[in-house]
Amino acid sequence: MIPEQAQIVIIGGGVIGCSIAYHLAKEGARDVVVLEKAAVTHGSTWHAAGLVGQLRSKRNLTRMMQYSAELYGRLGKETGQEIDWKPVGSIRLASSPERWSEIKRNATTARSFGFELHLLSADEAKRMFPYIVTDGIVGAAFVPTDGYVDPSGLCQALAKGARAGGIRICEGVRVTGVTIKDRRVVAVRTDQGDIACETVVNAAGIWARDVGAMAGVRVPAAAVEHQYMVSEKIAGVPATLPSLRDPDKNFYLKPEVGAFAIGGWEKATLPFGAGGVPFAFGRELLPSNFERFEEIAVPAAERMPILNEIGIRNLINGPIPISPDGEPILGLAPELDNYFVACGFTSGIAGAGGAGRAMAQWILHGAPELDLWAFDIRRFGHHHLGRRYLHERCVEAYHHYYLIHWPAEEMKAGRGGRRSPLYETLAEQGAVFGSRFGWERPNWFSPAGVAREDAPSFEGRPNWFAPVGGEHQAIRERVALIDQTSFSKYEIAGRGAFKFLQQLAANNLDKPPGAATYTQLCNERGGIEADLTIMRLAEDRFYLVTGSGFGVRDSHWIASHMPRDGSVALHEATSARAVINLCGPRSREVLRKVTDDDVSNAALPFMSVRELRIGYAPVLAVRLTYVGELGWELHIPTEYALHVYELLREAGQEFGIVNAGYRAIDSLRLEKRYLYWGADITPDYNPFEAGLGFCVALDKGPFIGRNALARVKQEGPRRKLCCFLLEGPASLYGGEAILRGGKVLGVTTSGGYGHTIGKSIAYGYVPAEEAGHAWYEIEAFCTSVPAKRVDKAPYDPERRKILG
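Residues numbered from 1 in each chain as written. Predicted model: local features only at pLDDT ≥ 70, side-chain atom pairs only at ≥ 80, totals over all residues. Heavy atoms only, no water.

Mind showing me how you'd approach the pairing of strand 21 (residues 480-483) here?
Within a regular strand, the side chains alternate between the two sheet faces. With burial as the criterion, each face of strand 21 is covered, one bearing Ala 480 and Ile 482 and the other bearing Leu 481 and Asp 483. Sheet analysis places strand 21 next to strand 27 (residues 577-583), joined by 4 bridges and oriented antiparallel. Along strand 27, the bridge assignment pairs Asp 483 with Ile 580. Of the strand pairs in this sheet, strand 21 and strand 31 (residues 658-659) are connected by 2 bridges, and their pairing is parallel. Within strand 31, the residue paired with Leu 481 across the bridge is Asn 659. (Buried < 20%, exposed > 50% of the residue type's maximum accessible area, 1.4 Å probe, protein only. Helix = DSSP H or I, 4+ residues; strand = E, 2+ residues; numbered from the N terminus. Pairing = 2+ DSSP bridges.)

Pasting the structure below:
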């Protein structure tokens, strides 16, 4: 029998659902029910390989995986359920120079986290894993705390621990729907009756998208086929043999008892359940495809010739979940106020422990202790939900799992769906496009003789380095046009709009219509939830602009705090307006040629907004900059965008006008100390730590986070964001270690090359007591480079260029 009510209902009894239940019990929650349509472990958990690798590109994600490994080390003893945890370590081979650069970058990131990782020579790797041949191996990395586990045993142990904590797990109960009232699920419907509830968690694995649809929640998760083989028995396999990964050969290996389990990431794997995964599917496998598996087996045998001498006992083919970017999907769904999602885990065994703890914190306390934006469901939107896009991108993300992850990498599948009105025109002029939130955006422009495609590099210069330098120089010295139509844009209006926004934003919005305000939206801890610009168009009407990929997140944060009395309305305007950024010291001269309106500094000063007429087009001109030069963001009704672009392009010819892209923006903003949300600033950091105290108006009255920020200001920040200029050549991307006297102080949040100052630039947080020194070192690709700290922006610190 199922209960008639529960505080929390978890849908799905796989390793993720059971981990959430286990950690809710550890947090003291008792009124929790797990609904599993078949039996615990059924679905994808039972046939998983069981590898546990911890190092990720971000500190918080690594910490989440580290917790999983720590938990697995004690879970069996705690619960009395054997999980066969083997902390034997893992070896990752580099079978190409490019992969070795990637591994060295990972090693530097690990050093900045205080994470134990050792670089090995080919011979050292062979001594630890004697079955390989060293042909082509450039080097390797060894993580001693990685390991592997029995997936079914792990799931059963988590379930047993949850039950011991008072949580009920109901097997053989299928969810058929939900009842919703006032943006909340009030009951979960099942084939055995309804359960009234206060919170729902969708941890349904490969069924998560279909379960989400029952509640009107859009879950961009798919399922694909994944194969791995188990070899025949061989004698003498050491019990302490580490797991092995050779991503250049596209395979992983987990020691079995006297055998090997070997799998990889096929280029042409098949989607599973594209039209919906059958709910009757349970503890089942799919037909093996030996022909498709050859692309894994053959390279694996090249690296391990012993595989040619032993047979294949089983070729296992089972469906696994995956998201469009290959990362899990976690958090509170924006469609409802009490519906959480935890799904899309391609490496669910490695992530289960940390994800379960994070979700328990999210459910009970409103947020996890770590910022998990890289996993947040709000990184996706409507564009990611179509069946065609979802499966094209998920198959590519699956195949990319072991491909080299280049800096500034762009995916190729699922492209071309969202285009600005300038797309064709810019393409004709050499634009090399990237993708953000489905939008095609110009990353850079290819001059004659340069291939119109990315040729990335880790430690060298990519093929776009010189062209981007040219765009950068044009913006600093002349004038340029940048298509920024992909900005997320919202209108907030109503009699209560000002009062509401004034209590939401950290900065003071009490300014007359025509004013633009740069502000952060903070949480109660003072952490930065959003970083955006709010423009006052009228007493009761505001226009808000944020990053292309942040619209769902930021609008959800805003909507979740809005009064429900009808005094405030939120409306998305992203598709209604195109945006052309006219920037550079000659930009006013260009603008004067195409409008009869006064665009002088007196009439249109910095951080002001005004309606202009450009040609036939009504244009909302916003005088601000993210590149550090005189300029305007021109917000244009979409149908007029090409007309305005053509007028500006023609008017700018005598001033040497050029097109520019987003990679030039990044170089320019680094020189001006303009920060990027998601890297330099996140909910983990507050404005005073980030040097944004000028955006905090503590004297304006109450706002979210005010009390916490007042304490920070009084006591002083615990850490500070510093700007570093490197004194030697280095390729920086964020994730490098910050050192002083050989001691690791922190990790860089972002980095790149400043084409005007001619130096590499890095940003990163260090403890406040260590933030006053002049010289530091930045370690990139295992090489330390002297770095000078600068107090202000490296370029135009007095802001003369933007204010003139």
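Would you mind going over helix 17 (residues 706-715) with me for this structure?
In an α-helix there are 3.6 residues to a turn, and that puts residues three or four apart on one side. Among the residues of helix 17, Ala 708, Leu 709 and Val 712 are the ones counted as buried. Projected down its long axis, helix 17 shows its buried positions confined to an angular sector of 95°, all on one face. Residues of helix 17 that are exposed and angled more than 90 degrees away from the buried face: Asn 707, Lys 713 and Gln 714. In this structure, the buried residues of helix 17 make contact with strand 23 (516-522). Gly 716 occupies a position one or two residues after helix 17 and carries a positive phi of about 90°. (Arc of directions from axis to C-beta. Contact = heavy atoms within 4.5 Å.)

What is the right way to read the side chain of Asn 523 from this model?
Inspection of the secondary structure assignment puts Asn 523 in the loop between strand 23 and strand 24 (528-538). Among the polar contacts made by the side chain of Asn 523, one reaches the main-chain amide nitrogen of Arg 525 at a distance of 2.9 Å. The residues touching Asn 523, leaving out its near neighbours within four places in the chain, are Glu 529, Trp 557, Pro 683, Ile 704 and Gly 705. (Polar contact = N/O pair within 3.5 Å; in protein donor to acceptor, adjacent residues only side chain to side chain.)

Would you explain the pairing of strand 17 (residues 329-332) in this entry?
Of the pairings in the sheet, the one linking strand 17 to strand 18 (residues 339-343) comprises 4 bridges and is antiparallel in character. Across the sheet, Leu 332 pairs through a bridge with Phe 340, a residue of strand 18.

Which parts of the structure should I look at to understand the pattern of salt bridges?
Note that side chains of opposite charge can pair when their charged atoms are close. Evaluation of the coordinates by the stated rule reveals 39 salt bridges. A salt bridge links Asp 246 to Arg 303; its shortest N-O distance comes to 2.8 Å. Remark: Arg 303 occurs in helix 7 (residues 290-303) and Asp 246 occurs in strand 13 (residues 243-246); sequence separation between them is 57 residues. Take Asp 246 and Arg 303: they sit in the same class, and that class is buried. Residues Lys 792 and Glu 798 are paired through a salt bridge, measuring 3.6 Å at the closest nitrogen-oxygen approach. A residue is classified by how much of its surface remains accessible, and Glu 798, at 42% relative accessible area, is partly exposed. (Salt bridge = Lys/Arg side-chain N within 4 Å of Asp/Glu carboxyl O.)

Would you mind showing me how to read the sheet that holds strand 14 (residues 251-256) here?
Remark on secondary structure: sheet strands pair via backbone hydrogen bonds, oriented parallel or antiparallel. Spatially, 5-6-4-13-14-15-12-16 is the arrangement adopted by the 8 strands of the open sheet, whose pairing is mixed. Sheet topology places strand 5 (118-120) and strand 16 (312-322) at the edges, where each strand pairs with a single neighbour. If you compare each strand with its neighbour and ignore which way they point, the axes differ by 20° on average. In this structure, strand 13 lies alongside strand 14, joined through 3 bridges in antiparallel fashion. By the bridge assignment for strand 14, Leu 244 is matched with Leu 253. In the packing of helix 9 (residues 387-399) onto the sheet, the strands contacted are strand 12 (222-231) and strand 16, and the crossing angle to strand 12 comes to about 30°. (Axes fitted to C-alpha atoms, helices over the stretch in contact; angles between N-to-C directions.)

It is not clear to me how unusual backbone geometry should be interpreted in this structure. Could you clarify?
Apart from glycine, the bulk of residues carry a negative phi angle, and the bulk of peptide bonds sit in the trans form. The phi angle at Ala 408 is positive, at roughly 60°, despite the residue not being glycine. Residue position: Ala 408 is located in the loop between helix 9 and helix 10 (423-428). Its relative accessible area of 42% is what places Ala 408 among the partly exposed residues. In this structure, Phe 781 is a non-glycine residue whose phi angle is positive, near 55°. Here Phe 781 lies in the loop between strand 36 (775-780) and strand 37 (783-790). Judged by relative accessible area, which is 8%, Phe 781 ranks as buried.

How do you make sense of the nonpolar core when you look at a structure like this?
A general feature of soluble globular proteins is that nonpolar side chains tend to end up buried together. In terms of nonpolar packing, the biggest core is built from 52 residues, with Ile 10, Ile 20, Leu 24 and Leu 154 touching the most fellow members. Mapped onto this core, the elements with two or more residues apiece are strand 1 (5-11), helix 1 (15-26), strand 2 (32-36), helix 2 (59-79), helix 5 (151-164), strand 18 and helix 8 (348-365). Looking at this core, the element that brings in the most residues is helix 8, giving 9 residues. When near neighbours in sequence (up to four residues on either side) are disregarded, Ile 10 contacts Gly 17, Ile 20, Ala 21, Leu 24, Val 32, Val 33, Val 34, Leu 35, Val 201 and Ala 203. Listed in part, the 37 residues of the second largest apolar core include Val 33, Ala 215, Ile 329 and Ile 377. (Core = buried A, V, L, I, M, F, W, Y, C linked by side-chain atoms within 4.5 Å.)

Teacher, can you tell me more about the packing of helix 2 against helix 5 here?
Packed helices, taken two at a time, are described by the angle between their axes plus the distance between the axes. Direction vectors running N to C along helix 2 and helix 5 enclose 60°, while the axes themselves pass 10 Å from each other. By the angle between their axes, helix 2 is oblique relative to helix 5. Remark: the crossing between helix 2 and helix 5 carries left-handed chirality. Contacts between helix 2 and helix 5 involve Leu 71, Tyr 72, Leu 75 and Thr 79 from the former and Leu 154, Ala 157, Leu 158, Lys 160 and Gly 161 from the latter. Its residues assigned to classes, the contact of helix 2 with helix 5 comprises 6 nonpolar, 2 polar and 1 charged. (Parallel < 35°, antiparallel > 145°, perpendicular 65-115°, else oblique. Left-handed = near helix turned anticlockwise from the far one by under 90°. Nonpolar A, V, L, I, M, F, W, Y, C, P; charged D, E, K, R; others polar.)

Could you clarify how one ought to interpret the sheet that holds strand 36 in this entry?
The antiparallel closed barrel is built from 6 strands, whose spatial order is 32-35-34-33-36-37. Averaged over all pairs of adjacent strands, the angle between strand axes in this sheet comes to 45°, irrespective of strand direction. Sheet topology note: the strand 33 (residues 737-740)/strand 34 (residues 743-754) ladder contains 4 bridges and is antiparallel. Pairing of Ile 738 across the sheet is with Gly 746, part of strand 34. Contacting strand 34 and strand 35 (759-767), helix 16 (residues 662-671) crosses the sheet at an angle of about 125° to strand 34.

How should the side chain of Thr 79 be read in this particular structure?
Residue position: Thr 79 is located in helix 2. Overall, Thr 79 belongs to the buried group, its relative accessible area being 11%. A distance of 2.9 Å separates a polar side-chain atom of Thr 79 from the backbone oxygen of Leu 75. Within the structure, the side chain of Thr 79 is placed 3.2 Å from the backbone nitrogen of Gln 81, a separation counted as a polar contact. With residues up to four places along the chain from it excluded, the contact list for Thr 79 reads Ala 157, Lys 160 and Gly 161.

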